[in-house]
Amino acid sequence: MAFKFFNQLNIRDCGVSCIKMIAYSYGKSYSPDYLRKLSGYNKTGTTMFALSRLAEKIGLRPRGVRLAIDSLQQIDSPCIIHWKQNHFVVLLKVNKSREYKVADPAVGIISYNRHEFIDGWCVDDRRQGHVLLLEPSPKFYEDKEDVDEKAGVNWQFFLQYLRHCKPQAAALLCAFLFGLAMQLVTPFLMKSFIDIGIEGRNFGFIKLVIIAQLVLIISSTIVNFVRTRVALRLSNILNLSILSDFWIKVTKLPISYFDKFHTGDIIKRLGDHSIIQNFMTNTAISVFSSVINFAIYSIVLVLFNPQLFVVFMGGNLIYFLWIKAFMPVRRKLNYQSFELGAKNQTTTIQLIEGMQDIKLNNAEHTKRWFWEDVQTKVFRFGFKTMDINQFQSAGGLLISQIKDITLSLIVAKLVIDGNITLGTMVSVQYIIGQLSGPISTFISLIQSTQDAKISLERLNDIHKIKDEEDSEMAQVSHLPEDADQIQIRSLSYAYAGSDELVLKNIDLDIPIGKTTAIVGTSGGGKSTLMKILMKSYTDYSGDIHYGDLDLKNVSHSFWRSISGFVVHEGFIFNDTIERNIALSEEFPDEASLDKCCQIAKIQDFVRSLPNGYKTIIGTEGVGVSQGQKQRFLIARALYKAPKMLFLDEATNSLDTNTESKIIEDLQAYTKSKTVIVIAHRLSTIKNADQIVVMENGEIQETGTHTSLISKRGTYYQLVEKQIETLIL
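Numbering of residues begins from 1 in every chain and follows the order in which that chain's sequence is written. Local features are withheld for residues below a pLDDT of 70 in this predicted model, meaning they are given only at 70 or higher, and side-chain atom pairs are given and counted only at 80 or more; totals for whole chains, interfaces and linings count all residues. Side-chain measures were taken over the full set of non-hydrogen atoms in the model, leaving aside hydrogen atoms and water.

### Focus: the overall build of the chain
Heads up, the condition is: Strands here mean DSSP runs of E at least two residues long; helices mean DSSP runs of H or I at least four residues long; both are numbered from the N terminus. When we talk radius of gyration, it's over C-alpha atoms, and the globule rule is simply 2.2 Å times the number of residues to the 0.38. Each residue is placed in one exposure class: buried if its accessible area under a 1.4 Å probe, protein chains only, is under 20% of its type's maximum, exposed if it is over 50%, and partly exposed if it falls in between. All accessibility values rest on the Shrake-Rupley procedure with a 1.4 Å probe; residue burial counts only the protein chains present in the view.
Counting its secondary structure elements, the chain contains 23 helices and 18 strands. Taken over C-alpha atoms, the radius of gyration comes to 34 Å for the chain, far larger than the 27 Å a tight globule of 728 residues would show. Oriented by its inertia axes, the alpha-carbon framework of the chain measures out at about 115 × 65 × 60 Å. Put simply, the chain has 728 residues, and 44% of those count as buried. A total of about 38,600 Å² of accessible surface is found on the chain, and carbon and sulfur atoms cover 56% of it.

### Things to note about the environment of Ser-436
Formally: Two residues qualify as a contact provided that any one of their heavy atoms is within 4.5 Å of a heavy atom in the partner residue.
Along the polypeptide, Ser-436 turns up in helix α14 (residues 422-463). We classify Ser-436 as partly exposed; its relative accessible area is 25%. On a C-alpha basis, the gap between Ser-436 and Ser-400 in space is 9.8 Å, while along the polypeptide they are 36 residues apart. If near-sequence neighbours (up to four positions away) are discounted, Ser-436 is found in contact with Phe-312 and Lys-403.

### Topic: unusual backbone geometry
For Lys-601, which is not a glycine, the phi torsion comes out positive at approximately 55°. Non-glycine residue Ser-672 carries a positive phi angle of around 70°. Its place among the elements puts Ser-672 in the loop between α21 (656-669) and β16 (674-678).

### Points about the domain arrangement of the chain
Which entries qualify depends on this criterion: Domain segmentation is taken from an automatic or database assignment of domains.
By the assigned domains, the chain splits into domain 1 (13-142) and domain 2 (486-727). If you average the C-alpha positions of domain 1 and of domain 2, the two centres end up 43 Å apart.

### Examining the UniProt feature "transmembrane region" (unreviewed entry) in the chain
Using the following cut-off: UniProt positions are given in the numbering used here, feature names are shortened, and annotations may be inferred rather than shown by experiment.
Feature annotation in UniProt assigns "transmembrane region" (unreviewed entry) to the following positions: residues 169-190, 202-226 and 308-327. Between the first and last C-alpha atoms of residues 169-190 the distance is 32 Å; the span itself is 100% helix and 0% strand. Structurally, residues 202-226 is divided into 96% helix and 0% strand, and its ends, taken at the C-alpha atoms, are 36 Å apart.

### A look at the pattern of salt bridges
Filter applied, for reference: One side-chain nitrogen of Lys or Arg within 4 Å of one carboxyl oxygen of Asp or Glu is enough to make a salt bridge.
Evaluated as defined, the whole model comprises 14 salt bridges. Two residues, Glu-372 and Arg-368, come together in a salt bridge whose shortest N-O distance is 2.9 Å. Remark: Arg-368 and Glu-372 occur in helix α13 (residues 364-416); sequence separation between them is four residues, near one turn of the helix. For Arg-368, a relative accessible area of 36% puts it in the partly exposed group. Linking Arg-560 and Glu-468 is a salt bridge whose minimum nitrogen-to-oxygen distance equals 2.7 Å.

Pasting the structure below:
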């Protein structure tokens, strides 16, 4: 099968996209989401080793090698190379002229000269780089299943939004048809004005034509005014509807999705909706108008003189081919411009934000020289871009002018020979001008269509993900009243694409209405277990029951409505203090705010502010320390009056005195509530009803503080090490 290019859909999707392209070239089509699950995709992206494991899972035979640049010419099939130490691309072929053709998932298919390729691929002065060679094994062809899923959304999905805007769409169509009719009348008026009015010396007819033209101008102005307002209203309605539905979909996604993808991926998809909405309104209307104009004016021009039409189309075909010849070069320049602009911005920001460290380490000259080197590259690139633009513009202008001069000569000859009148000549010039507009629109349509197609693929990536709560599965919104414990049996968990278990066959009973603390060394599986109990991760093996009710059958929204959460990556919104604490309430209860802030020991800080709970905090408001942020998050969790409380390192940024006061008040507040807490400071959980010690994804021991100390096991060693650290 011929090689087909696929764009990467997310910031870190380059490796997955490369595997998809190579698999497709051997006749198999896989969806990006399927490949991500196999590879263990997350925010950090992937590695060459992870890509080789992914290739093995789908039946490709990988071989990672380090080659010299001259050895690349001996490779006769697509391979993956590591590009600029932070990206993966597919090397398609190396020409005899040493031109390197590369499929870059972020940009497209680009050709590099030897110097540019060395700069992007080689990792040392020996001109060597990393290559992942791939070829299909029998296993690749044995699997007949085509796992590439159908699109979750398509153009029909977006066109349904137009059904709710029929009045605006109809008004827009009427305005367009009226404007088109007025444009069609113009060349005939011009012909009559000259042939009958001027040459016939009929001043009365001239006045009549002028009055008609004034009426057309006024009518056209009014129609354009109405059309612009209707188009803007239609655009706003579509934009609001489409984006609102997108946010509804995003809020229904599993929490685990946001652990894997960057914020920039979501923001990019907001831009994708704008691209599609613009394509549906502005671009589609413009193209529709251009097609109608081109068809009608072409017929009129052919009726006037077929020879003129042939010359016009031939000239524009040459112009189109000229512009198309520059598209690969401009794509490459756009990529380099984006890359260089990002580097320039990063260098400037680092120079400003890192000034303290720069001065403390006497690095002013070094960092400034590095910045100046980047500016030199920007300056040189600007000249290179200008050269290409000037060459393309000059060539395009020359082609257009030669075409216009040729048409003028033909028209003039026809007038002199008496084949057409002077009025017809003026009308023909007008018609040719009207035909030039659609040609430009058709050229820009190529890029607009490609952008819209890529945007649609990225949106499919979101819409194909199942909602957190499966509508086809019955969800329970209550808990058994007689339950006395949460039972965990044979619980195991591995992150997507990884064969290594993070949790290994865990059996644990968590008493309801009591406090259970989970402790252990970093990487032991504590936070993963917590997230499973929070219903953030649901793709585990084993059973978790609340009494006799399977936790998987409990509604996510209900579980969160009765639970309070404090996680170490909690977020403070750019809003008032009261809205940061009472996230889901429009009018928070001040008495509840006071109570929660008092327990969280943040009330004195709130009272010291002139506007109290109305004070805006966050990125654009009053700055808060990490300790104050944690106390606000504790107050937020308590404000829900939860039956269950999940605390993951909830006080690790607080001083010992403040922490002990909060722990004391929390213990009083959480009596008869189920509390699950993770803490590294063992002194904060010594009064827990149950302490669970985890290491390497397994439970080492459980018990109370006293019983575990008496065992002199893992917990005893952790306590002993912390005491030694405090003494030192």
